Amino acid sequence: MPQEILSVSMSVPLGDRQILVCQHQACRHRGSAAVLESFQTMALPSDVTVGPCPCQGQCHLGVTVRLIPTGIWY
């Protein structure tokens, strides 16, 4: 995984709610960069942050998106 993705995820200020989009190689192969970009261009409430994250262990299921603090996975 490109190192810049990890450094970006660490520098994103955290809101009360987060949308984390996996950017591991398997998810990126399935289009996770486009999913992340779509979330980043949406008009979201001010307490919601969107950012890349490293592998969450579910890449075999498809592009992984996780909502924090609810713990819902897509």
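Only a predicted model underlies this, so the values are computations on that prediction, with no experimental measurement involved.

Quick one: what's the story with the sheet that holds strand E3 (residues 65-68), residue by residue and with numbers?
Strand order in the open sheet made by the three strands is E2-E1-E3, with mixed pairing throughout. Across the chains shown, the open sheet's two edge strands, defined by having one partner strand only, are strand E2 (48-53) and E3. Sheet twist, expressed as the average angle between the axes of neighbouring strands with direction ignored, equals 20°. Strand direction decides the pairing type here: strand E1 (residues 17-22) and E2, joined by six bridges, are parallel.

I'd like a description of unusual backbone geometry, backed by residues and values.
A cis amide bond links isoleucine 68 to the next residue, proline 69, at an omega of 10°. One can find proline 69 in the segment after E3.

I'd like to hear about the confidence of the model for the chain, residue by residue, with values.
Per-residue confidence for the chain gives a mean pLDDT of 83, with 80% of residues at or over 70. For the chain, helix H1 (residues 3-11) is the element with the lowest average pLDDT, namely 41, and helix H3 (residues 32-41) is the one with the highest, namely 96. Predicted confidence for residues 1-12 stays below pLDDT 50, and this span has 15 contacts to residues more than four positions away or in other chains.

Lay out the nonpolar core in plain terms, naming residues and giving numbers.
Listed in full, the six residues of the largest apolar core are Ile19, Val21, Leu36, Val48, Val50 and Val65. Those elements that provide at least two residues to this core are E1 and E2. By size, the runner-up hydrophobic cluster in this structure holds five residues, among which are Cys22, Cys27, Cys53 and Cys59.

Thresholds, definitions, all that
- Residues numbered from 1 in each chain as written.
- Predicted model: local features only at pLDDT ≥ 70, side-chain atom pairs only at ≥ 80, totals over all residues.
- Heavy atoms only, no water.
- Pairing = 2+ DSSP bridges.
- Helix = DSSP H or I, 4+ residues; strand = E, 2+ residues; numbered from the N terminus.
- Axes fitted to C-alpha atoms, helices over the stretch in contact; angles between N-to-C directions.
- pLDDT = per-residue confidence, 0-100.
- Contact = heavy atoms within 4.5 Å.
- Core = buried A, V, L, I, M, F, W, Y, C linked by side-chain atoms within 4.5 Å.
- Buried < 20%, exposed > 50% of the residue type's maximum accessible area, 1.4 Å probe, protein only.

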